[in-house]
Amino acid sequence: MPRNFLETMNSSIRPFRYAGANSSLHCDQASLTSLAAKFGTPLYVYSRSHIAGRFEIFDRAFAHRPHLICYAVKANPNLSILKFLARMGSGFDIVSGGELERVLLAGRRAARRAVFSGVGKTAEEIDLALRTGILLFNVESGAEAELLAARARRLRLKARVSLRVNPDVFAETHPYISTGLREHKFGIGIGESHKIYRQMAKEPFLEPVGVSVHIGSQIRSAEPFGVAMERVAELVEQLKSTGIRIQYVDAGGGVGVEYVGFDAQDGKKRAAFDPQDVAARYAAAIDRALRGLDVTLLLEPGRFLVAQAGALLTRILYVKRNGRKNFLITDAGMNDLIRPALYRAHHEILPVVRDRAAGMSTFDVVGPVCETGDFFARGRRLQRAKSGDLLALLDTGAYGMSLSSNYNSRPRPAEVLVEGGRARLIRKRETVADLLRAERSGLL
Ligand SMILES: *Cc1c(COP(=O)(O)O)cnc(C)c1O
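Worth saying up front: this structure is predicted, and the values here are computed from it rather than measured.

Draft legend 1. Region of interest: the pattern of salt bridges. Throughout the structure, instances matching the rule amount to 18 salt bridges. Between D287 and R65 there is a salt bridge, with the nearest N and O atoms lying 2.9 Å from each other. Of this pair, D287 sits in helix α10 (residues 275-290) while R65 is found in the loop between α2 (48-61) and β5 (67-72), placing the two residues 222 residues apart along the sequence. Among the residues examined, R65 registers a relative accessible area of 10% and is labelled buried. Close ionic contact of E203 with R153 constitutes a salt bridge, the shortest N to O distance being 3.2 Å. Separated by 50 residues along the polypeptide, E203 in the loop between α8 (190-202) and β11 (206-212) and R153 in helix α7 (residues 142-155) bring together distant segments of the chain. Put simply, R48, E419 and R424 are held in one network by salt bridges that share partners.

Draft legend 2. α2, seen in detail. In this model, α2 (14 residues) spans 20 Å end to end at C-alpha, consistent with the 20 Å of a helix rising 1.5 Å per residue. Of all the residues in α2, the buried ones are H50, I51, A52, R54, F55, I57, F58 and A61. Tucked into the core, α2 has its buried residues touching β4 (43-47), β5, α3 (79-87), α10, β13 (296-299) and α11 (303-306).

Draft legend 3. The arrangement of the domain arrangement of the protein in detail. The domain boundaries assigned to the protein delineate domain 1 (5-47 + 308-436) and domain 2 (117-301). Its C-alpha centre places domain 1 at a distance of 34 Å from the equivalent point of domain 2.

Draft legend 4. Structural detail: the site of the ligand. Taken together, 14 residues surround the ligand, and among them K74, S217, E300, R303 and Y399 come closest. Here G254 contributes a backbone N or O atom positioned 2.8 Å from an oxygen atom of the ligand. In the model, an oxygen atom of the ligand is placed 2.6 Å from a nitrogen or oxygen of the Y399 side chain. Class assignment for the residues of the shell around the ligand results in 3 nonpolar, 6 polar and 5 charged.

Draft legend 5. Local environment of the packing of α2 against α3. Across the interface, α2 lies against α3 with an axial gap of 11 Å and an inter-helix angle of 45°. Our classification of the angle between α2 and α3 gives oblique. For the element pair α2 and α3, the recorded crossing hand is right-handed. In contact with R48, I51, A52 and F55 of α2, α3 contributes I81, F84, L85 and R87. Counted by class, the contact of α2 with α3 contains 6 nonpolar, no polar and 2 charged residues.

Draft legend 6. Looking closely at the environment of E172. Mapped onto the elements, E172 comes out in the loop between β9 (159-166) and β10 (188-189). Accessibility expressed as a relative area gives 64% for E172, which makes it exposed. In this structure the C-alpha to C-alpha distance between E172 and P224, which are 52 residues apart in sequence, comes to 8.6 Å.

Draft legend 7. Main features of the packing of aromatic side chains. According to the stated counting rule, one finds 8 aromatic pairs in the structure shown. Taken together, a centroid distance of 6.1 Å and an interplanar angle of 15° make the contact between Y44 and Y46 stacked. Each member of the pair Y44 and Y46 is classed as buried. Directly above the ring of F304 sits R54, whose terminal nitrogen or CZ lies 5.1 Å from the centroid. Sitting above the plane of the Y18 ring, R354 keeps its charged end 4.0 Å from the centroid.

Draft legend 8. Just the sheet that holds strand β2 (residues 24-27), in detail. Reading across the sheet, the 3 strands line up as β1-β2-β3 and stay open at both edges, with antiparallel pairing between neighbours. Sheet topology places β1 (16-19) and β3 (30-31) at the edges, where each strand pairs with a single neighbour. Sheet topology note: the β1/β2 ladder contains 4 bridges and is antiparallel. Counted as the bridge partner of F16 is C27 from β2.

Draft legend 9. View of a nonpolar patch on the surface. Judged by side-chain polarity, Y176, L342 and L403 come together as a nonpolar surface patch covering roughly 270 Å² of accessible area. Turning to its location among the elements, L403 is positioned in the loop between β19 (390-394) and β20 (414-419).

Draft legend 10. How the structure looks around the nonpolar core. Core analysis: the largest hydrophobic core is formed by 106 residues, its most contacted members being F58, F92, F137 and F304. For this core, the element with the highest residue contribution is helix α9 (residues 223-241), accounting for 8 residues. The residues that make up this core include at least three from each of domain 1 (5-47 + 308-436) and domain 2 (117-301). Ignoring any residue separated from it by four or fewer positions in sequence, one finds F58 in contact with I69, V255, A279, Y282, L299, P301, F304 and L305. Core analysis: the next-biggest nonpolar cluster, separate from the first, contains 22 residues, F16, C27, F39 and L350 among them.

Draft legend 11. Here's a closer look at helix α6 (residues 123-132). Taken across its 10 residues, α6 has 7 buried, putting it largely inside the fold. Of all the positions in α6, only A123, E125, I126, D127, A129, L130 and T132 are classed as buried. Elements that come into contact with the buried residues of α6 comprise α4 (97-106), α5 (108-111), β7 (114-116), β8 (136-139), α7 and β9. Backbone geometry just after α6 places G133 at a positive phi near 75°.

Draft legend 12. Inspection of the pairing of β13 at higher detail. Sheet analysis places β5 next to β13, joined by 3 bridges and oriented parallel. Bridge pairing in β13 places H67 opposite L297. The pairing of strand β12 (residues 248-250) with β13 spans 3 bridges and is classified as parallel. Looking at β13, one finds that Y248 is bridged to T296.

Basis of the calculations
Residues numbered from 1 in each chain as written. Predicted model: local features only at pLDDT ≥ 70, side-chain atom pairs only at ≥ 80, totals over all residues. Heavy atoms only, no water. Salt bridge = Lys/Arg side-chain N within 4 Å of Asp/Glu carboxyl O. Helix = DSSP H or I, 4+ residues; strand = E, 2+ residues; numbered from the N terminus. Buried < 20%, exposed > 50% of the residue type's maximum accessible area, 1.4 Å probe, protein only. Expected span 1.5 Å × (residues − 1). Contact = heavy atoms within 4.5 Å. Domains from an automatic or database assignment. Near = heavy atom within 4 Å. Polar contact = N/O pair within 3.5 Å; in protein donor to acceptor, adjacent residues only side chain to side chain. Nonpolar A, V, L, I, M, F, W, Y, C, P; charged D, E, K, R; others polar. Axes fitted to C-alpha atoms, helices over the stretch in contact; angles between N-to-C directions. Parallel < 35°, antiparallel > 145°, perpendicular 65-115°, else oblique. Left-handed = near helix turned anticlockwise from the far one by under 90°. Phe/Tyr/Trp six-rings, centres within 6.5 Å; stacked < 30°, edge-to-face > 60°. Lys NZ or Arg CZ within 6 Å of the ring centre and 35° of its normal. Pairing = 2+ DSSP bridges. Patch = residues over 30% accessible without salt bridge, like charges linked within 9 Å, V, L, I, M, F, W, Y side chains within 5 Å. Areas by Shrake-Rupley, 256 points an atom, 1.4 Å probe, with all protein chains shown as cover. Core = buried A, V, L, I, M, F, W, Y, C linked by side-chain atoms within 4.5 Å.

Set out below in structure tokens:
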């Protein structure tokens, strides 16, 4: 059996490692076997100290300039995680009224550190954000600027506004999570933005004080961020010459993480991922572009802060052979974790209990949902397993639970937050009764 990558990599990459006499997987000091017994499966498990560590790494990379980290709530919107990040001083990037309500529950002060992104804000969402007194509206069209001006006038509340410009930068990532090209629905072309800034400057209740970008997600090179920031810096200078003083530059999110830890095909360990180095290179690229601009830098990391803090714990229901293929059928499905189906994303899968005598085989790891796309891995070399064994799908702290659904009338998993050796239930497992609560059949 190949040596496990978790033992050979920098311990700060993931909080999951094997420990104990029977070599079982732990999240920090909490045994995943015990967590499965106590809370059931499928179960999302997150490490609090790992999230704290990532926040600090990111924060420290920008320590030399005024900045605010606005955690992208959509990556993982669990209230306990928001509250914890708020306590660490984080602001928030929200994309809906629902996310704003969550941030308000995490703390009223935190909500004043929120920036509101998204191409389709409704009047109700805008009103809630105005009344809350959020830090900044990231406006994505001329029409939205007009609606915001009208709502602000009506409520007699000032709105600080940033235009999300589209820097027309290509970032190498999956097409579904690339957002910075002219052809995408996001943002406003830089050329066009001047006119909207001028119009906004005339509005008594709008304060055009920011420029924002967000070029995509899971971007593994610092270069496209630097190129986008160059274009933003140029715009800030041009706006200054027309009397519009920009105080905030919002660099968006998108810093990627390493999902592959061990390549079972060639048996070689992939290049190690050093989160500190990634944050430093990202900060350097942004710094170089912003040079001496006197602005507060806003950053909207989501994935980088939480992805590797989490694992989805699942139990094998059946081991099945169809023709020449071996299947492990798990109690988690694509409704619980859709990234493999949606983005062909790779997640490392580890046996929770290592058994050196079991040997290896090639498996498709699939869920119970009635879709061929319901898979977590295809043709993966894994320890041979039997019904009842536990598997951990790594790096599922971001865009895991937040993209989950009730497809096939499946209640969503519970979530626990590990703090050292203790685990706290931060979301109860849904029940079928929860799913049915909103439905009405009495009219028939
Ligand atoms: C999704 C999103 C983010 C976070 O992206 P990550 O890749 O998770 O860092 C930040 N800002 C905006 C506007 C987004 O839409």
